[in-house]
Amino acid sequence: MNTLDHQLIALLRQDARASIATLAHKLKVSRGTVTNRLTRLEDSGQIVGYTVRLRADVAQPHITAWMSIAVEGNRTREVVGILLGEPGVAGLFDTNGRWDLLAELRADNLSELAEILERVRLIKGIGATETSIHLQTYKLS
């Protein structure tokens, strides 16, 4: 996958129902380019489907994990671009301190989470990661 593929996936994550014309306009490429990219991503199994996001109070149970990420050198923009195209990343946050980025990961099961972790760890420019699974939320009144 290249930068355009990651940008296309990021747009689809925001609105999976966006038209080819809208996607092409936002990416500043032709509709044919978008159609060909989508076909290639679907045929290769990188895009396996399209979905609907539900409000948190009606969403199905899932596994949430938090991955702290250390980026090598000055590759933050490159790494962020790739992570925004990763379907398992539900949120991405810039931080200070030991870790450069914090990624909120979502998966339907532990096997899927393991696959997400493996894909993220293989991204060039990521030096180290540490992941914690979200077990319970406490709310202050």
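Residues numbered from 1 in each chain as written. Predicted model: local features only at pLDDT ≥ 70, side-chain atom pairs only at ≥ 80, totals over all residues. Heavy atoms only, no water.

1. Digging into the pairing of strand E3 (residues 101–107)
Point 1. For E3, the tally of buried residues reaches 5 of 7 residues, placing the bulk of the element in the interior.
Point 2. One ladder, built from 7 bridges, connects strand E1 (residues 63–71) with E3; its direction is antiparallel. The partner of Ser68 across the bridge, within E3, is Leu102.
Point 3. Between strand E2 (residues 89–94) and E3, which follow one another and run antiparallel, lie 6 residues, and Gly97 among them has a positive phi close to 95 degrees. (Buried < 20%, exposed > 50% of the residue type's maximum accessible area, 1.4 Å probe, protein only. Helix = DSSP H or I, 4+ residues; strand = E, 2+ residues; numbered from the N terminus. Pairing = 2+ DSSP bridges.)

2. A look at the nonpolar core
Point 1. With 18 residues, the main nonpolar core has Met67, Ile69, Leu83, Leu105, Leu113 and Val120 as its most contacted residues.
Point 2. If you list the elements that add at least two residues to this core, you get E1, helix H4 (76–84), E3 and helix H5 (110–121).
Point 3. Here Leu83 is in contact with Arg13, Ile69, Val89, Leu92, Leu101, Val120 and Ile123, once residues within four sequence places are set aside.
Point 4. Core analysis: the second largest hydrophobic core is formed by 13 residues, Ile9, Leu23, Ala24 and Leu38 among them. (Core = buried A, V, L, I, M, F, W, Y, C linked by side-chain atoms within 4.5 Å. Contact = heavy atoms within 4.5 Å.)

3. Here's the deal with the pattern of salt bridges
Point 1. A full pass over the atoms with the stated rule returns 6 salt bridges.
Point 2. Notably, a salt bridge pairs Glu78 with Arg75, separated by 3.1 Å at the nearest N-O pair.
Point 3. Take Arg75: its relative accessible area is 28%, and that puts it in the partly exposed class.
Point 4. Glu86 is the partner of Arg119 in a salt bridge, and the nearest nitrogen-oxygen pair spans 2.6 Å. Taken together, the residues Arg119 in helix H5 and Glu86 in the loop between H4 and E2 connect sequence positions 33 residues apart.
Point 5. Through salt bridges with shared partners, a single network forms among Asp5, Arg37 and Arg40. (Salt bridge = Lys/Arg side-chain N within 4 Å of Asp/Glu carboxyl O.)

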